[in-house]
Amino acid sequence: MRAFTDNYLVLLRHSLQYLIARGLPGLISFAALVIYTRLLTAEEFGIYALIISGTTLAQVLLFQWLNLVVARFLPLEKITPNSVLGPTLALFIALSILTSVAGLVAVLFFSTSTATTLITLAVPLCITQGWLELNLKIASTQIQPRLYGNILACKSIAALFIGSSLALLGLMYYAPILGLIFGASLSWIIFGRHIWKDTKPLWPEQKLLTDYASYGLPLAITFALGWITSSSDRIILSWLINNGATGIYAAGYDLTQQSLGLLLVIVNTAAYPLVMRALTDGGPSAARQQLKSNGELIITVALTGAAGIIALQPYIINTIIGPEFRSEAGKILPWIAAGAAIAGIKAFHLDIAFQLARQSKWQAY
């Protein structure tokens, strides 16, 4: 009982640290939603949402598995972290080159100037966001909430300032994309460079590459399948109706993700390294005890958060969303909140067991 109480207190302390670390970026994300739903039309916001959706899928398929590899294998190499960081860096560089080549081929294939411009922006966005997420994962895995918060806060502030300034200049949906690219780059230059100090890219040996791939790639497939429920709806809406409908839907969806989704990510960011440490230091029994503590908090946050959003929906919509978006976004918000709660419990509690046991292929199934 004492061990369970201690685990819970440690989890709450780390969750509070990450709440502070992600609190400012979360508020800035709310501010971005307020600003962009007023500076952009529903159609422009819809195109921006489509670009983010497509880039997210590419990022998940190409780079997300490296984040999972770092989270799983880096805690095992406390004395020699570069034995994990070196191969990770080499793989990221290789995947970035692959992404750039694919983007070049796509530019040659699409002849319209608009498509060329969007692809030209989507490729660096995919790479910079993937690099940002990798650095954040390393910071959270090494339990450095201050570094995590500094990187994320700098990125959020810079992205909003640059994006909103460009939107005022009339750059439409290009503005927030350019803001994200420059924000992610600037945050790494200022705060993230020392993470890779003395780390040189080292191509992993065949056995290590097999271990990484067998663990990470099934999870990448899993997250790609998750993209079907979280982002493909925007593409379907644009196809069946128009980009304006996508923009209105995306505004309501993003509002939920920037509130309930953010809270669940904060808890998981604090919780996952703790259960990994428990597994490494105390074995499966200690990991189960920590996982039980994690699960109680995640389920509580998911259900109470969804209920709060549904109850306060009219006030939230009228305060944050621009007038053009409010009516229809308000209708879908309760459904998205309920779905986000269930998805959060699954992703941040039930699915963790597969990752801890290194049986990620079963999670993919």
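Above this text is the structure in question.
This section reports on the structure supplied with the text. The shown structure was predicted, so the numbers you read here are calculated from the model rather than taken from an experiment.

So, how was this worked out
Residues numbered from 1 in each chain as written. Predicted model: local features only at pLDDT ≥ 70, side-chain atom pairs only at ≥ 80, totals over all residues. Heavy atoms only, no water. Helix = DSSP H or I, 4+ residues; strand = E, 2+ residues; numbered from the N terminus. Rg over C-alpha atoms; globule rule 2.2 N^0.38 Å. Buried < 20%, exposed > 50% of the residue type's maximum accessible area, 1.4 Å probe, protein only. Contact = heavy atoms within 4.5 Å. Areas by Shrake-Rupley, 256 points an atom, 1.4 Å probe, with all protein chains shown as cover. Core = buried A, V, L, I, M, F, W, Y, C linked by side-chain atoms within 4.5 Å. Patch = residues over 30% accessible without salt bridge, like charges linked within 9 Å, V, L, I, M, F, W, Y side chains within 5 Å. Salt bridge = Lys/Arg side-chain N within 4 Å of Asp/Glu carboxyl O. Phe/Tyr/Trp six-rings, centres within 6.5 Å; stacked < 30°, edge-to-face > 60°.

Description of the overall build of the chain
In terms of regular secondary structure, the chain is built from 13 helices and 0 strands. Tracing the chain from N to C terminus, the helices and strands come up as α-α-α-α-α-α-α-α-α-α-α-α-α. Taking 2.2 N^0.38 as the reference for a compact globule, 365 residues should give roughly 21 Å; the C-alpha atoms of the chain span a radius of gyration of 20 Å, in line with that estimate. A principal-axis box enclosing the C-alpha atoms of the chain has dimensions of 55 × 50 × 40 Å. The burial tally for the chain puts 53% of its 365 residues in the buried class. Partitioning the intrachain contacts of the chain with sequence separation of at least 6 by distance along the chain shows that 84% fall at a separation of at least 24. For the chain, the exposed surface amounts to about 17100 Å²; the carbon and sulfur share of it is 69%.

Describing the nonpolar core
By size, the foremost hydrophobic cluster in this structure holds 48 residues, and its most contacted members are Phe45, Tyr173, Ile177, Leu255, Leu260, Ile321 and Phe325. Counting only elements with at least two residues in this core, the list comes to α1 (2-39), α2 (42-73), α4 (113-141), α5 (145-168), α6 (174-192), α9 (243-311), α10 (313-320) and α11 (326-350). The dominant element in this core, judged by the number of residues it contributes, is α9, at 13 residues. Not counting residues within four places of it along the chain, the set of residues in contact with Phe325 comprises Thr37, Leu40, Thr41, Ala42, Phe45, Gly247, Ile248 and Ala251. Among the nonpolar cores identified, the runner-up in size contains 45 residues, and Val69, Phe73, Leu209 and Leu219 belong to it.

Things to note about a nonpolar patch on the surface
Together, Ile93, Ile97, Val101 and Val105 give the surface a local cluster of nonpolar side chains, amounting to about 350 Å² of exposed area. Among the secondary structure elements, Ile93 is positioned in helix α3 (residues 82-109). Since its relative accessible area comes to 39%, Ile93 is described here as partly exposed.

Description of the packing of aromatic side chains
On inspection of all chains with the given rule, the structure shows 11 aromatic pairs. Their ring planes at 65 degrees and their centres at 5.7 Å tell us that Trp131 and Trp188 sit as a pair that is edge-to-face. Of this pair, Trp131 sits in helix α4 while Trp188 is found in helix α6, placing the two residues 57 residues apart along the sequence. Take Trp131: its relative accessible area is 15%, and that puts it in the buried class. Relative accessible area serves as the criterion here: at 25%, Trp188 is assigned to the partly exposed category. A centroid spacing of 4.7 Å and a plane angle of 55 degrees characterise the contact between Tyr173 and Tyr174, whose relative ring orientation is tilted.

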